[in-house]
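What follows is the residue order along each chain.
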Amino acid sequence: DNINLNHSLNINADIQLDSFHSIKINAAFSQQDTKNRSLGNYKTITDKNSLLNDGSSDNVADNSGYNFTTGILYRKKFHRKGRTFSVNLQGNFNNSDGNGRLKSLTRFYDTAGVLLSNDSINQQSTSHADLNGYTARVVYTEPIFKRSLLEFSVGRTYNKNTAAKETFDYNTLNGKFDLLNAALTNDFASNYNSNNAGIRLRKQTKKYNFALGISLQKATLEGSLVNSDHFAPVKKTFSNLLPNARFQYQFSRYKNITLNYTTSTNQPLISQLQPIPDNSDRLSIKVGNPDLDQEYNHTLRLNAMFSNPFKNRTFFVFASFQLTKNKIVNSNNINNLGIDSVMLVNTNAVYNFNSSASYSFPVRFLKATMEISSVANYSKGKQFLQGLSNNISQLMIAPFMRIDMSPSDKLTIGLSAEISYYNTKYSLQPKANNNYFYQEYGTDIGLELPKGFFFSTDFNYQITNQQAAGYNQHVPIWNMSISKQMLRFNRGELKLSVNDLLNKNTNINRTANLNYIEDRQVNSLRRYFMLTFTYNLSKTGLDKSNEGGGRVIRR
């Protein structure tokens, strides 16, 4: 049961002082209140089908906080073309307070199913966290040679984090929560300082442009438990060279290709550094690691577009490859009772590849446009299980085809089909290797009727297989609507729609995570009718493409 309340205010100002000077100011404030309660029943069964543990939990969390960001950008041009100077200052201020309660009972069994022990938790906690920081960056460009310039930059980032938590166990003697749980109580503070300086060469021609650069980054990460003699303060210093490159070639106005190479670092979050257990999931106890190093990322991206607007043909390709050094991953240690102690550690040889391609072209004898596309992703990850490296690979390929037909000005018809293939492999758990398919076929129709009426319907047929028992289903989803335009300039629309006309929606999905497979069915609203009135403030009224209820194109 989740209730979220958010308020936000954003202000932006772009001030052109004169032809050589400008100032851009932005500020954003948001305030959040959340109330979450989760009731759960759980059990763990071994691969030999014997019960290892079972239990129930009641977890309540109430949190409130705010986030304020502000920035100012000053830009100056000089009489010499290409010579510029800019200063960018950004500030970030976060605050959050929370109250929580956890009540759980877990029973543990031996291999014969005999009860070994009970574990009962009944506790309350309060928490407070602050994150304050700023980023400053100065950039100067100087033209050199013909159509080229050098860019010099210096910058500084500073973030200060504090997180305090107090946990109290229930006292059966007086009926109050007044027994301090020292193991789950902490006051942690960390500072992150980063200074960088860089240089970049940029060149622009009619056909191509490129940029080559490198920056030196020196960073310091400090962390300590306040008023604690059991945790040694952490102080780490990082020195990194961060190269970057960009190349774009313009074959013509409608044909271009772009290559981008960047490097970056990710500092550990305060929640990842805190050496205090998180026992909100009794069977998965998470604890931070103050010895974590920062991640170092290499990212290469490719974008290519070849379009012919005169023949209504478009071909698009996107590909991205990222290699991470010192990737922060889970190290799982599961005891004989089924309790998983999870600590974060650094590892190498982690990468992922993502790509997509799309080709659309006209089918004139059908008065239609066809799109053929596909997504292909592959990742190589790593986690640790009982101290051993568990290499995990994931592959996903999802070809898609859609055709949109317009037999007349008043009728549109769409047909689509998608088949997704997933494959996951584990080096330490080959029995958990899995591959499965997900299929979805659909059609939608939009019809303009006399006297300003519009009819719209869409039908989707979803097929899930090779999943857990009870999750392999064929699900038809049929939606329908009829609408009437009214008022001057057709500004008003009255629409009656029905969702899931066959009342068959089961909302089933599978997730192949790095260390487990999850089949999930979530209760969702099935068949319902809705009457909607829409009023458009513009004189042009409602767009005909959306008058009948909206023909939704998935891509």
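The residue count restarts for each chain, going from 1 along the sequence in the order it is written. For this predicted model, a pLDDT threshold of at least 70 governs which residues receive local features, and a threshold of 80 or more governs which side-chain atom pairs are given and counted, while totals over whole chains, interfaces and linings are taken from all residues. Note that the side-chain values use all heavy atoms of the structure and ignore hydrogens as well as water.

Caption draft 1: Looking closely at the overall build of the protein. For the protein, the count of helices and strands is one helix and 28 strands. When its C-alpha atoms are laid out on the principal axes, the protein stretches across 80 × 70 × 50 Å. Accessibility here uses a 1.4 Å probe with only protein chains present; expressed as a share of the type maximum, an area under 20% marks a residue as buried, one over 50% as exposed, and anything in between as partly exposed. Looking at the protein residue by residue over its 555 residues, the buried ones come to 32%. It only takes one pair of heavy atoms within 4.5 Å for two residues to be counted as in contact. The long-range share in the protein, meaning contacts at least 24 apart out of those at least 6 apart in sequence, stands at 60%. The protein chains shown are the only cover counted for residues, whose accessible areas, like all others here, come from Shrake-Rupley with a 1.4 Å probe. Carbon and sulfur atoms form 57% of the exposed surface of the protein, whose accessible area is close to 32200 Å². Once the 62 positive and 40 negative side-chain charges of the protein are each reduced to a mean point, those two points are 14 Å apart. Strands are runs of DSSP state E lasting at least two residues, helices are runs of H or I lasting at least four, and both sets are numbered from the N terminus onward. Charged residues are defined narrowly, with Lys and Arg counted positive, Asp and Glu counted negative, and His plus the chain ends left uncounted. For charged residues, the charge sits on one atom: NZ in Lys, CZ in Arg, CG in Asp, CD in Glu.

Caption draft 2: Spatial organisation of the environment of S280. Within the element layout of this structure, S280 appears in the loop between β12 (277-278) and β13 (284-287). Residue classification places S280 among the partly exposed positions, given a relative accessible area of 37%. For the pair S280 and Y261, spaced 19 residues apart in the sequence, the C-alpha separation amounts to 40 Å.

Caption draft 3: How the structure looks around the pairing of strand β6 (residues 148-171). Here, any two strands with at least 2 DSSP bridges between them count as paired. Where strand β5 (residues 115-144) meets β6, 22 bridges bridge the pair, whose relative direction is antiparallel. Looking at β6, one finds that R137 is bridged to G155. Where β5 folds back on β6, the antiparallel hairpin that results is connected by three residues, among which F145 adopts a positive phi of roughly 50°. Pairing analysis gives 18 bridges linking β6 to strand β8 (residues 186-204), with the strands arranged antiparallel. By the bridge assignment, K160 is partnered in β8 with N191. Two elements, β6 and strand β7 (residues 176-180), share four bridges in a ladder whose sense is antiparallel. Bridge assignment links Y170 to a residue of β7, and that residue is F177. Between the end of β6 and the start of β7, which pair antiparallel, lie four residues, with G175 showing a positive phi angle near 70°.

Caption draft 4: Layout of the side chain of S50. By the secondary structure assignment, S50 is in the loop between β2 (21-45) and β3 (51-77). When its relative accessible area of 19% is taken as the criterion, S50 is described as buried. Separated by 2.8 Å, the side chains of S50 and T46 make a polar contact. Apart from the residues lying within four places of it in its own chain, the contact partners of S50 are T44, I45 and T111. Identification of polar contacts relies on pairs of N or O atoms within 3.5 Å, with a donor-acceptor requirement for protein atoms, meaning one able to donate a hydrogen and the other able to accept it, and with residues adjacent in sequence counted only if both atoms are side-chain atoms.

Caption draft 5: Representation of the packing of aromatic side chains within the structure. A pair of Phe, Tyr and Trp rings is counted when the ring centres sit within 6.5 Å of each other, with Trp represented by its six-membered ring. The angle between the planes then sorts it: under 30 degrees is stacked, over 60 is edge-to-face, the rest tilted. Considering all chains together, one arrives at 15 aromatic pairs under this definition. Seen from their ring centres, Y422 and Y436 are 4.8 Å apart, and the 10° between their planes marks the pair as stacked. A residue pair is termed long-range when its members are at least 10 positions apart, and Y422 in strand β21 (residues 411-426) and Y436 in strand β22 (residues 434-448) qualify at 14 residues. Overall, Y436 belongs to the buried group, its relative accessible area being 3%. Ring pairing ties together the aromatic residues Y208, F210 and F247, which thus form one cluster. Placement of a positive charge over a ring is assigned whenever Lys NZ or Arg CZ falls within 6 Å of the ring centre and within 35 degrees of the normal to the ring plane. Sitting over the face of the ring of F78, K76 holds its NZ or CZ atom 4.9 Å from the ring centroid.

Caption draft 6: Structural context of the nonpolar core. A163, F188, Y192, A219, L221, L225, F238, I270, L273, L292, I328 and L344 together form the largest nonpolar core, which totals 12 residues. Only β8, β9 (208-225) and α1 (270-273) provide two or more residues apiece to this core. Considering each element in turn, this core owes the most residues, three residues, to β9. Not counting residues within four places of it along the chain, the set of residues in contact with I270 comprises N161, T162, A163, F188 and S190. The next biggest cluster of nonpolar side chains, apart from the first, holds six residues, and it includes F361, V363, A368 and M405. Nonpolar cores are built from buried Ala, Val, Leu, Ile, Met, Phe, Trp, Tyr and Cys residues. Side-chain atoms within 4.5 Å join them into one set.

Caption draft 7: Just a nonpolar patch on the surface, in detail. Here the term patch refers to residues with relative accessible area over 30% and no salt bridge, with like charges joined within 9 Å and nonpolar side chains (Val, Leu, Ile, Met, Phe, Trp, Tyr) within 5 Å. When a carboxyl oxygen of Asp or Glu is within 4 Å of a side-chain nitrogen of Lys or Arg, the pair counts as a salt bridge. On the surface, a nonpolar cluster with roughly 1100 Å² of combined accessible area is contributed by F453, I482, L487, L494, L496, F529, L531, F533, Y535 and L537. Elements that contribute at least two residues to the nonpolar patch include exactly β25 (492-499) and β28 (528-535). Looking at the nonpolar patch element by element, the count peaks at four residues for β28. You can see L537 is positioned in the segment after β28.

Caption draft 8: Representation of the environment of S120. By the secondary structure assignment, S120 is in strand β5. Note on S120: relative accessible area 58%, which makes it exposed.

Caption draft 9: How the structure looks around the pairing of strand β4 (residues 84-109). Direction of pairing for β3 relative to β4: antiparallel, over a ladder of 25 bridges. Bridge assignment links N67 to a residue of β4, and that residue is N94. Between β3 and β4, which pair antiparallel in sequence order, lie six residues; one of them, G82, sits at a positive phi of approximately 100°. Summarising the sheet, β4 and β5 pair through 26 bridges and their orientation is antiparallel. In the sheet register, L105 faces β5, and the bridge partner there is S120. What sits between β4 and β5 in their antiparallel hairpin is a turn of five residues, with G113 showing a positive phi close to 85°.

Caption draft 10: Highlighting the side chain of S416. Residue position: S416 is located in strand β21. Ignoring any residue separated from it by four or fewer positions in sequence, one finds S416 in contact with F400, M401, R402, E440, Y441 and G442.

Caption draft 11: Looking closely at unusual backbone geometry. Phi at R147 takes a positive value of approximately 65°, unusual for a residue other than glycine. Tracing the chain through its elements places R147 in the loop between β5 and β6. Judged by its relative accessible area of 47%, R147 is partly exposed. Non-glycine residue F489 carries a positive phi angle of around 60°. Note on placement: F489 falls in the loop between β24 (474-486) and β25.

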